[in-house]
Amino acid sequence: MWDGIIVGGGLAGLLAGIRAAERGKRILMISEGVGSLTYSSGVIDFGNVAQLVRQDKHPYALLGESIVRNGADYFQAHFPDYHGKWREVQTVLTPLGSPRKAGFIPNGLNAQVLHDAHLIVLMAPEGMKDFFPKVTKANLERAYPQCVVKVHPFRLDAFESWHTLGKPVNGMDYTKYWRSASGTGALKGVVNSLNQELDEARSDPADPGKSVVVFPGLASAFSNSIKEVLSDLPFPVVEMTAFPPSASGHKLYDALKETFGALGGELMVGTGVKQVEIQGKRCHKIIVKSKGKDSEFSARSFVLATGGVFGGGIEVTPEASKEMVFGLPLYVPDEWTNSEFLGDQPYARIGIEVDRELRPIDSKLNEVILENVQVIGRMIAHWDPWVEHCGGGVSLASGWFAGETM
Amino acid sequence: MTDYQVVIVGGGATGVGILRDLSMRGISALLLEQGDLAHGTSSRFHGLLHSGARYAVKDPVSAAECIDENVILKQIAAHCISDTGGWFVQSSEDAQSYVEQWIRGCAYAHIPIREISLADAYLKEPLMSKDVLRVFEVPDATVDGFKLVWANAKSAKRYGGDYKTYHQVERLILDNKRIVGVAAKNLVNGEEIMVHCEVVVNAGGAWASQIVGTIGVPLDVICDKGTLLAFNQRLFQRVINRLHPPSDGDIFVPHETITILGTTSEIVDSPQENQPREPEVKRLLAMGEKLLPNLMGHRVIRAFAGVRPLHREDSEVPGSVEEGREVSRTFVLIDHEVHDGVEGLISIVGGKFTTYRLMAEKVSDWVAEKLGNTAPCSTAKENLMSEIPQDLRKQALRLLPCVAAEKMLERLGDDAEEVLTKIMDDPRKGQMLCECEMVSVAEVEKVASDEDSHHLADIRRKTRLGMGTCQGAFCTYRVLPLLGLENKKFDPLQDELKRFINQRWKGIRPVLWGQQLRETELTRAIYASILQLNENPG
Amino acid sequence: MNEQDRVKNLDACIKCSACTAQCPVATVYPFFPGPKNVGPDAERFRLEGILMNAGCLNYCSNCKTCEITCPSGVKITEIILRAREKAKLAGQKDEAKFQHRVRDLVLGRAEYLGRLGTIWPALTNGLLGVPLVRGLMEQTLGISRQAPLPAYHRKFKGIKKTWHSANKQVVFFPGCFVTYNDSLTGLAVVKVLEHNGYDVIVPAFHCCGVPLQANAHFREARENARENLSLMNPYLQAGIPIITACTSCGLALKEEYPNIDASGAELIGQQSYDLFEFLWKLHERGELREDFQEVLVSLGYHTPCHLKAQGIGTPSVRLLRMIPGVRVNNLDAGCCGLSGSYGYKHEKYELAMQIGNPLFERVQLCVSKGEFQSMTTECGGCQVQIQHGSGVETKHPIWVLMQAYGLAINH
């Protein structure tokens, strides 16, 4: 018998698991694949909290501002590799080099320093997939018109056969390499050569301006060796976010997983729930699809963190929409789409309606459906992370709350 | 004094077919197209190269034309055609009497058919419904509308023909009831041009009545909208038709990596009404289930619609004109001197993709006679594209993964050499920019630099970029650096990017469920969250 | 996988590339385009009749990391294996040299090799220890001279015992590694099960077929499966569980065997258990003997890829943590690189070592910091490779349980 079973291993599920395990609970987490953090840029967005806590039915409004803040504080306390202040807006660079707003960001991504820079050196690792030096340079010049932007191409022996073949090196492979013993040495070499170049620039009395280095595919957060190399430098380094799969997002996933494991939590990846057993208003057992047969796990309480439509927690067919684990009723908007792709899309608000304890409710009867099940993250109805920019905030707040109360 | 002897309006299959035919006869001709070549109906159909069997019962004339052209096109346009063969499948709901009529019709039109045993049929097409009574093989094939249109245009160019894309005809110019020229506007830079000529051929398809309308000549073209679905993978290896009177959702066409299910038929007011709608999509799926069970469960990557031009006066079939399928699809050639007293103007309306060459031949015969040219038509005898040299193929296979190499050679023909040189100079350009459809960076770069490419969608049509599973989620941003930051040929990158994903969205909206909905979430995450394109930079 | 499932499996890919980013081979080897490319991407073209070069496909080590990673549950390795078989049936010429084909024949038949080796283990081991012999093997067979070929041991034959009808029974499927290279672990498994009141039956099984499949001998793999199933069938019909201690055999029994056209196939998935999965089940039912003695040991634990793929979590970690004094650090540092016979191949040895490098570095770091002294993992191949790559002793977790129960093997 487990104290709690969390279905889904994304940001919300993992944070719930960490908090619950920290409270001494025996927690099993079941996850279909790597959670969606690998597709995020590793940046945590909160959106306009003041406005969203007043928006009817929004998860922020259900939980209240103090819980949203508790989730954020808890995350930051456990992951000091993240930078940011409550309700303060940070700036990071997109993978195309434009600035974008953010809430909490991995240390090293803070682009604030670019406002005072006069020279930006854009590091251009040879053959890096989904990195476009020319476009990035143009976007940096547009955003920081006071700056001269110089592109600094470099190539590494380690990827020589990739370059010869013309095969791209994906950003995550660059990150992996920087973290290996030989990679850290190579990184020192790369930045030191830059040091000399910048020294010359600095010694020019006509231009005493600040130089900043912009670096794609680095992801120094959660890596002491990379942080060490960067801390010795006389100039600031601003890392860029990346397209999926993103190293920063994946490193956050690893860090959450490791913290959860160190607290005694067990993570079962690559499988999903096939069936649940319910008695009255309580779930007591779930049946997991293992290879060849099913495995059963009993627990006192359950958390549903299966990531909405994208995470596979909600399946939509031409005829119906279905919550895949408990078969809970869903809020499905009448109008499904809107012609502007990046505008407000009603479909995105599909989800499970919950009470203030995050338990699923039948909204017509205003009755809790399952008393020992909490619904968190993208499974909750009535929000759209892509227009409200609050994906991280909802996940942290609801995850923390479930971990605290389960 | 004229600039060209002939101006052809409309860059669909018929238009470019006429351009090629006239050019081969030594008649100087210019084609004007308001968008990109093949942007309209010629690329918005199921991609079936008819054997004629589909018309065997109702329209024996069409059927006979189709089988003749089918044989010709398989020869002259082999690189645009995949000779998959096709089946006509009688389901338990389909009448035996119709089957017998159909067999007689095929015999009458000289369409070869062969009955296949059910055991053999299920072995070859394991997904096909088990509720099938009889299966017949016919020489159907699949044809790529984009490739065929471009191959015609390129062939015409070699014979001195000219074409201008993104040129909209403003009005036809008359001198005393005689055509003397065309005024058109370059939609890319707003420039007005005037072209003098002796003859105007109106091959505007669904837009044909708008073109002659500029001089007040009436032309009754019925716009028949047909919606189709594109499935993520090849569900069948050959064209599968239902053996019953043609109707909605009764034909599956495997096309490159996807399967197309067609087609609905609905009269609309104008060719602009080419938005696929959800009810049509559901109707298609419901009908398609008869041939492929659990169809709803298979991934639809997009819906699209084309508007077929049908000529009302040609309709001999009594009954409601609201039902587009009841109007004959045999083409008509209208000499406006006879009908409207305007000399030097001819409209070609109706017909079908499979018979584009025949239509072009008839039009060109008329034009040639008018101009006193006696050269015979030779479009059926000469291949559209020369054979790809063996050493070029070998080189492609050495430099690119075999899938990418084969596909590029099919698309580019001789132009592939330029792409291969790029890759040789810089092996990084051999990377796949579009991983779903395996299009290399070098190929996209080459096509982007073509003078005819003005929008991302033009590149898409020529390469299949963004037409695969991800529907542009990843390749849209990857293509940006190739659009040339220096030259101003393309609109500002962010605009181009937003326009492209919004165009893709049009086709995804009516099929937004299942895996394509997940894909959409991922795409929105990339553009709205990672790139925050829906926010002002902060 | 039936045709409908095959379509669904391919449709589920949303092209996110997470699999390729996590693929242990693609990360270190530029010639392998990665699971996304050779799997779902190329599959859409294979359906069109365009087959890709078989050489590319052969670099997949079948570790299944991609499948576990995939957020859409796409059975990527399944697509790749089918493609390899398709390429083979299409008579596509493998670029591999003749030498490699002979080698793949040898490595694919761990069983025959094992039988030879165990006839006179001391001689075989002696020979395999001679650099000249390994040099010759590399030259003639393409089996890397550096690769950690496991030593042969006296063949594990199980224990012949009359059945006590009163006792509960299990069938033990030892797998080639235990049978030919590590019979002591086999004996330990039997001891622990007997200690818990089970009679252990060990029929004369053949190789499970995984190495055959990995070396593209698909027909032979299926034949082995059929023969094993016929040996198992009477027990399956009697409801007796089949236990494996090798995670790859276990995965084959659960994933491949149910698709074999033979009687018993419908039962094998339901009735086969990983050893610790079985013991954990006993624990949950209150049937496990839990009178553990204290064992003061700190261990690093490596989850074999093929255990992850079984979707049962890490029951051995759960169980070992119940023993007083035992501390287990679950490393989660990726694939060891060996992947059955993959890492023995001359052209893939370096690659396998590079793949395992993050794991080896992690193990060495933890040992140097005193976090643990030795490693434990269920898979025999992983044990050999981790020990070879990191120099840290690595054994099957059953040995900790042996100690906790105060059991020993009597020679």
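This one's a predicted model, so the numbers in the text were calculated from it and none came from an experiment.

Parameters at a glance
- Residues numbered from 1 in each chain as written.
- Chains lettered and ligands numbered in written order.
- Predicted model: local features only at pLDDT ≥ 70, side-chain atom pairs only at ≥ 80, totals over all residues.
- Heavy atoms only, no water.
- Helix = DSSP H or I, 4+ residues; strand = E, 2+ residues; numbered from the N terminus.
- Buried < 20%, exposed > 50% of the residue type's maximum accessible area, 1.4 Å probe, protein only.
- Contact = heavy atoms within 4.5 Å.
- Areas by Shrake-Rupley, 256 points an atom, 1.4 Å probe, with all protein chains shown as cover.
- Domains from an automatic or database assignment.
- Buried area = accessible area lost by both parts, 1.4 Å probe.
- Polar contact = N/O pair within 3.5 Å; in protein donor to acceptor, adjacent residues only side chain to side chain.
- Salt bridge = Lys/Arg side-chain N within 4 Å of Asp/Glu carboxyl O.
- Pairing = 2+ DSSP bridges.
- Axes fitted to C-alpha atoms, helices over the stretch in contact; angles between N-to-C directions.

Peer 1: Hey, could you run me through the overall build of chain C in this one?
Peer 2: Of regular secondary structure, chain C possesses 23 helices and eight strands. Going through the 411 residues of chain C one by one, you find that 63% of them count as buried. By sequence separation, contacts in chain C at least 24 residues apart represent 75% of the contacts at least 6 residues apart. If you sum the accessible surface of chain C, you get close to 15,700 Å²; carbon and sulfur atoms cover 54% of it.

Peer 1: Would you take a moment to explain the domain arrangement of chain C for this structure?
Peer 2: A common measure of how large an interface is: the accessible area buried when the components associate. Residues and elements named next belong to chain C. Examined at the domain level, chain C breaks down into domain 1 (3-89) and domain 2 (289-405). Here domain 1 and domain 2 have C-alpha centroids that lie 28 Å from each other. Of the residues lining the interface, 13 residues belong to domain 1; the matching set on domain 2 comes to twelve residues. Here domain 1 meets domain 2 over a buried area of about 1,000 Å², counting both sides, of which 69% is carbon and sulfur. When residues of domain 1 are sorted by the area they lose upon contact with domain 2, Val28, Tyr59 and Ile68 head the list and together hold 42% of the total. Taken together, domain 1 and domain 2 are joined by one residue pair in polar contact (both at pLDDT 80 or more). Among the elements of the structure, helix 3 (24-28) and helix 6 (65-69) are those that each provide at least two residues to the side of domain 1 that touches domain 2. The biggest single contributor to the side of domain 1 that touches domain 2 is helix 3, with three residues.

Peer 1: Even after reading the chapter, I still don't get the interface of chain B and chain A, so can you show me in this structure?
Peer 2: Taken together, the 44 residues of chain B in the interface contact 53 residues of chain A. Each partner contributes to the roughly 4,400 Å² buried at the junction of chain B and chain A, and carbon and sulfur atoms together form 61% of this total. The largest share of the area that chain B buries against chain A comes from Glu521, Arg524 and Ile530 of chain B, three residues that together contribute 17% of it. The tally of links from chain B across to chain A stands at five salt bridges. Across the pair Arg478 of chain B and Asp130 of chain A runs a salt bridge, and its minimum N-O distance is 2.6 Å. Taken together, the connections running from chain B to chain A amount to 22 residue pairs in polar contact (both at pLDDT 80 or more). For the side of chain B that touches chain A, the secondary-structure elements that each account for two or more residues are helix 7 (278-288), helix 15 (475-479), helix 16 (493-508) and helix 17 (514-530) of chain B.

Peer 1: Looking at this structure, how should I read the sheet that holds strand 1 (residues 168-173) of chain C?
Peer 2: Hydrogen bonds along the backbone pair up the strands of a sheet, which may run parallel or antiparallel. Residues and elements named next belong to chain C. As summarised here, the arrangement of the four strands in space is 2-1-3-4, forming an open sheet in which the pairing is parallel. Of all strands in the sheet, those bounded by a partner on one side alone are strand 2 (198-201) and strand 4 (272-274). With strand direction ignored, the average angle separating the axes of adjacent strands in the sheet is 35°. Sitting on the sheet, helix 16 (residues 247-256) touches strand 1, strand 3 (242-244) and strand 4, and the angle it makes with strand 4 is about 155°. Along the sheet, helix 18 (residues 275-284) makes contact with strand 1, strand 2, strand 3 and strand 4, crossing strand 4 at roughly 95°.

Peer 1: Looking at this model, I keep getting lost on the environment of Ala109 of chain B. Mind explaining?
Peer 2: Residue and element names in this part refer to chain B. Among the structural elements, Ala109 can be located in the loop between helix 3 (96-108) and strand 6 (114-116). C-alpha separation for the pair Ala109 and Val61, spaced 48 residues apart in sequence, amounts to 7.8 Å. The contacts of Ala109, once residues within four sequence positions are left out, are Pro60, Ala63, Ala64 and Ile67.

Peer 1: Help me understand the interface of chain C and chain A, please; the structure alone is not making it clear to me.
Peer 2: Across the contact, 43 residues belong to chain C and 37 residues belong to chain A. Where chain C abuts chain A, roughly 2,900 Å² becomes buried across the two surfaces, and 51% of that area is made up of carbon and sulfur atoms. Joining chain C to chain A, the criterion identifies four salt bridges. Here Glu266 of chain A makes a salt bridge to Arg318 of chain C, at a shortest N to O gap of 2.5 Å.

Peer 1: Hey, could you run me through the environment of Pro216 of chain A in this one?
Peer 2: All names here are of chain A. Positionally, Pro216 belongs in the loop between strand 9 (210-215) and helix 9 (224-231). With relative accessibility at 3%, the residue Pro216 sits in the buried group. A C-alpha to C-alpha distance of 8.6 Å links Pro216 and Val238, two positions 22 residues apart in sequence. The contacts of Pro216, once residues within four sequence positions are left out, are Met123, Pro125, Met128, Phe131 and Met240.

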